[in-house]
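Residue-level structural notes
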There are 2 protein chains.
Amino acid sequence: MPGTLTGVGADGRITLAHGGGGSAMRSLIDEVFLAAFTQGSPAVQEDQARLDLTTLAQAGDRLAFTTDAFVVEPLEFPGGNIGTLAVCGTVNDLAVGGATPVALSAAFVLAEGLELALLRRVVEAMARSAAQAGVRIVTGDTKVVPRHACDGLFVTTSGVGVIRPEHTISIAAGQPGDVVLVNGTLGDHGAAILCARGDLALQTHLQSDCAPLNTLVDTLLRAVPGVHCMRDATRGGVAGVLSELAEASNVLVTVNEAALPVHPEVEGVCEILGLDPLFLANEGKLVAVVPACHAEHALAAMQSHPLGRNAAIIGTLQASASGQGAVHVVNEFGGARVLTMPSGEQLPRIC
Amino acid sequence: MPGTLTGVGADGRITLAHGGGGSAMRSLIDEVFLAAFTQGSPAVQEDQARLDLTTLAQAGDRLAFTTDAFVVEPLEFPGGNIGTLAVCGTVNDLAVGGATPVALSAAFVLAEGLELALLRRVVEAMARSAAQAGVRIVTGDTKVVPRHACDGLFVTTSGVGVIRPEHTISIAAGQPGDVVLVNGTLGDHGAAILCARGDLALQTHLQSDCAPLNTLVDTLLRAVPGVHCMRDATRGGVAGVLSELAEASNVLVTVNEAALPVHPEVEGVCEILGLDPLFLANEGKLVAVVPACHAEHALAAMQSHPLGRNAAIIGTLQASASGQGAVHVVNEFGGARVLTMPSGEQLPRIC
C-alpha cells in the first residue's frame, strides 16, 4: 500500500526522511516494523528491550550473544530473501553453540529509493522466520542513506540465547576418535544464489536451504547431550568449518568424499563451473562432532527431523601426527588430498 | 602497516577476499579486530560470546538489549569517528534505560577499496571508547561488498546490560510537576558534522560531543535513584526526545528557551543557517526527568561529573489540558510556541 506511510509518495519508495528521527521515521517504524514484529501489540517505544533476568538464569547458566551483518545480492532469491537469511543466520549461530534463542535485534540500512513493497516482504519474511524459530524480534534501528551510498538494503541481526549447564559445545572440543556429521545436502544456498544472479545461463530449480536450525539442534542435543562441536556451515562452507575445527581442536579431520550428501542439481552446477560443494555456502546446514559411540544415535536423531532427513556421517577425527590440525578428503578410490582454504570466497555477497 | 595483512596489497586497501570466509578474512579478524578488542588475549573463535548468567542475575533483575546502525558521513570528524559513535551510541542507549552496560557486539560492512589505515583508526577508537565506558566488545562480524555497493564503512553495534530492580526508567513515566534537565550544551554533534562536511565555508573549532554517558548516569542515579525518564538526545535532538516524552507520558512539556545551554559557536552556526539547536543531534547529551523535589540534587550530581559541567534545568511537565501530549517553548519575553517535529531530519547521515 504505497502512499499510506508518511513520507512515501505515489512511487512507493523510501526517502531520506524515513531515517531522520521525525514523523516519517516514526510512521515507518510503527506501520512496517512494529506491525510485523509485535503483531500489533502497542508497546511504548523504548530504545532498548528488557528481558527478565531471573527467568533467563533459571533456563541456563550462560547467556550467548552473537551478531551478523547481511548484504546478500540479490535481496530476494529462490527459498527466501535477506530477511529470512538475517533471522535464520542469527538463530543458527545461537543454536549451534547449544543456546536456546531468546530474542533478536534488527538494524536496517536502507537506500533512498528502496521500494517500500520490497521492504515489507523482507520484514514479513523476518517475522515468519522468527515465529518458526520461536524467537522474538524485540528491538531495532533504521538508517536511510542517499541512493549512491548503499546498494538497496543491509540488515544486521544480533541475538541473545540461554545455554544450559550440561552443554559445553566448542569448536576446540573435538577429540581423536570423534565422528563428523552434517544434517543434509551441501552448497544449496551458494548454488541457488549463483544461479539467481542471472549472470549464468543456467536454468535450475535450486532453492536456498535457508532455515532456522534450533529445533533440529534441540532434537540432536536431547538424543546426544554430549555433542563436542557444532557449527553452521555458512560462508566458506563445510570446508571452512572443518578447517577451523582441525586447527582449534588440533586434530586431523578425514572426510569421506563419497559420503557427502549433494543435491544432483548442485552437483551439476559445480561440475559445469568447476566448484566444490564442500566450499559452497549453506544457510540451513550444520556440522556436528560427536563421540564415535553416539554417532549412529546422533544420525538417527537428525534424520527424525524434517531438516535432517538427508543427514550423513561424513568423516572422523584422529590425533594429528604432525602436531598441527589438517583436513584430508579421501575419494571413492582411496586417494587423499589435503583441503586448503582459499584466501577468499569466489562469490561475494553470499549472505 | 599496509601489506602485513593477508589480501592487502601495497596500496593498503581492503579487498573482497576480506569478507570471503577464508584466510584473508581470518587475518583481518585476528590482526585488526581481535588485536584491538581482546588486547591480544588469544581466545578460540566461537561464533558467539558467552556471559555468566548467574553473575548477571546477581547484578540486576532485567537484561537490557539494544542495537544501532551507524552510517555517519564523513567517517572521521572533529571529536571522533564512526567507531567512537558506534560504541558511545550503544553504551548510551543502555545507560539511559538505567542499565549498566556489560558487553557489545560489532558488525561491519566494509566497501572494497576501504583504506586499511582508516579501518584501524575506527577500530582503535572503538576499543578506546569501550575501555572508557568499562565495557567489552565480545563478538562481531565482517562483510565486504563491491565498491559501488556501499559508501566506505557502516558499523552496527548491539549491547546488553543489566538493570537493577530499583530503576524503572521509562519514556512513559513522566509525571505532572516533574522537572526536565539536560547534561550540557545542545547540538554540538550536529553542528560539528555539518561543518565537517565542508560544503559550508564556515571555519569553526566545533567538536562532536560524542562520549559514553554511563558513568554520568551512575552518578545521577546514585544521587537520585527515582529518575522517572531518561533518553539520549541523538537524531531529532532534544526536541525529538521531548516530543516522545510528551506523547508517551501524555503531558505538556514547557521548555524555557533562555535556559537551554548552547555553545556560542553552535549558536552562531544556527543563526547563519536558520537552524534550531533543539533539533540538532547530540551524541553525549541526555534528557532526564525527575520529581521537582529532587531537581536541584539531580542538577548538582550532573554538574559534579566532567560530562555534566554545563547541565541545566530546562523545563517542567504539567498535566495536559487537552488530554494530548504537547511541547511548548517559552522565550525570554514569555511568548510561547508549539514545538512540532519535522517529517525528517534536515541533515542525513548524522550518526
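Just so it is clear, the structure is predicted and the values come from calculations on it, not from any experiment.

Focus on the environment of Gly21 of chain A
With respect to the helices and strands, Gly21 of chain A occurs in the segment before α1 (23-37). The spatial distance from the C-alpha of Gly21 of chain A to the C-alpha of Thr142 of chain A is 9.4 Å, given a sequence separation of 121 residues. With residues near it in sequence (within four places) discarded, Gly21 of chain A still touches Arg235, Gly236 and Met341 of chain B.

What about the interface of chain B and chain A?
Quite often, the size of an interface is put as the accessible area lost when its parts meet. With 82 residues of chain B at the interface, the matching set in chain A holds 84 residues. The largest contributions to the chain B side of the interface with chain A come from Leu53, Phe65 and Arg235 of chain B, which together make up 14% of the buried area. The interface formed by chain B and chain A holds eight salt bridges in total. Here chain B is connected to chain A by 34 residue pairs in polar contact (both at pLDDT 80 or more). Where strand β1 (residues 49-52) of chain A lies against strand β2 (residues 62-70) of chain B, four bridges are found, and the strand directions are antiparallel. In the strand pairing of β2 of chain B, Ala49 of chain A is matched with Phe65 of chain B.

A few points about the environment of Pro78 of chain B
Residues and elements named next belong to chain B. Along the chain, Pro78 falls in the loop between β3 (76-77) and β4 (80-81). Remark: the alpha-carbon pair of Pro78 and Ala127, spanning 49 residues in sequence, is separated by 18 Å. With residues up to four places along the chain from it excluded, the contact list for Pro78 reads Ala196, Leu206, Gln207 and Ser208.

Description of the packing of helix α3 (residues 82-95) of chain B against helix α4 (residues 116-133) of chain B
Residue and element names in this part refer to chain B. Following both chains from N to C, one finds α3 and α4 inclined at 30°, their axes separated by 7 Å at the closest point. Taken together, the axes of α3 and α4 are roughly parallel relative to one another. Considering only the axes of α3 and α4, their crossing is right-handed. The segment α3 lies against α4, with Ile82, Gly83, Thr84, Val87, Cys88 and Val91 engaging Val122, Ala125, Met126, Ser129, Ala130 and Ala133. Considered class by class, the residues forming the contact of α3 with α4 number nine nonpolar, three polar and no charged.

Here's the deal with the sheet that holds strand β9 (residues 229-232) of chain A
Residue and element names in this part refer to chain A. Within the open sheet, the seven strands sit side by side as β9-β11-β8-β12-β10-β13-β14. Their pairing is mixed. The sheet terminates laterally at β9 and β14 (336-338), the two strands that pair on one side only. On average, adjacent strands in this sheet sit at an angle of 25° to one another, irrespective of strand direction. By the bridge criterion, three bridges tie strand β13 (residues 326-330) to β14 in an arrangement that is antiparallel. Note that in β14 the partner of His328 across the bridge is Val338. Running at roughly 150° to strand β10 (residues 251-256), helix α7 (residues 237-249) makes contact with β8 (179-182), β9, β10, β11 (286-290), β12 (312-319) and β13 of the sheet.

Here we look at helix α9 (residues 295-303) of chain A
Turn by turn, an α-helix covers 3.6 residues, leaving residues three or four places apart pointing in a common direction. Residue and element names in this part refer to chain A. For α9, the set of buried residues is Ala295, Ala298, Leu299, Ala301 and Met302. Looking straight down α9, one finds that the buried residues subtend no more than 160° of arc, so they occupy a single side. Where α9 is buried, its residues touch β8, α6 (214-223), β11 and β12.

Focus on the UniProt feature "domain: PurM-like C-terminal" (unreviewed entry) in chain A
As recorded in UniProt, the sites labelled "domain: PurM-like C-terminal" (unreviewed entry) are residues 175-324 of chain A. Span residues 175-324 of chain A is 34% helix and 18% strand, its end C-alpha atoms 14 Å apart.

Observations regarding unusual backbone geometry
Backbone torsion omega between Glu73 of chain A and Pro74 of chain A reads 0°, so that peptide bond is classified as cis. By the element assignment, Pro74 of chain A lies in the loop between β2 (62-70) and β3 (76-77). With phi around 55°, Asn250 of chain A is a residue other than glycine that occupies positive phi space. Within the secondary structure, Asn250 of chain A is located in the loop between α7 and β10. Backbone geometry at Arg349 of chain B places phi at a positive 60°, although glycine is not the residue there. Mapped onto the fold, Arg349 of chain B is located in the segment after β14 (336-338). Residue classification places Arg349 of chain B among the buried residues on the basis of a relative accessible area of 8%.

Re the packing of aromatic side chains
Here the structure, examined in full by the defined rule, presents six aromatic pairs over all chains. Here the aromatic rings of Phe65 of chain A and Phe65 of chain B are separated by 6.4 Å at their centres, their planes lie at 85°, and the arrangement is edge-to-face. In this pair, Phe65 of chain A sits in strand β2 while Phe65 of chain B sits in strand β2, so the two residues belong to two different chains. Take Phe65 of chain A and Phe65 of chain B: they sit in the same class, and that class is buried. Ring-pair connections join several aromatic residues into one group, and the members of that group are Phe33, Phe37 and Phe108 of chain A. The ring of Phe70 of chain B carries the charged tip of Lys143 of chain A above its face, separated from the ring centre by 4.9 Å.

Reading the values: the criteria
Residues numbered from 1 in each chain as written. Chains lettered and ligands numbered in written order. Predicted model: local features only at pLDDT ≥ 70, side-chain atom pairs only at ≥ 80, totals over all residues. Heavy atoms only, no water. Helix = DSSP H or I, 4+ residues; strand = E, 2+ residues; numbered from the N terminus. Contact = heavy atoms within 4.5 Å. Buried area = accessible area lost by both parts, 1.4 Å probe. Salt bridge = Lys/Arg side-chain N within 4 Å of Asp/Glu carboxyl O. Polar contact = N/O pair within 3.5 Å; in protein donor to acceptor, adjacent residues only side chain to side chain. Pairing = 2+ DSSP bridges. Axes fitted to C-alpha atoms, helices over the stretch in contact; angles between N-to-C directions. Parallel < 35°, antiparallel > 145°, perpendicular 65-115°, else oblique. Left-handed = near helix turned anticlockwise from the far one by under 90°. Nonpolar A, V, L, I, M, F, W, Y, C, P; charged D, E, K, R; others polar. Buried < 20%, exposed > 50% of the residue type's maximum accessible area, 1.4 Å probe, protein only. Arc of directions from axis to C-beta. UniProt positions renumbered as here; feature names shortened; annotations may be inferred. Phe/Tyr/Trp six-rings, centres within 6.5 Å; stacked < 30°, edge-to-face > 60°. Lys NZ or Arg CZ within 6 Å of the ring centre and 35° of its normal.

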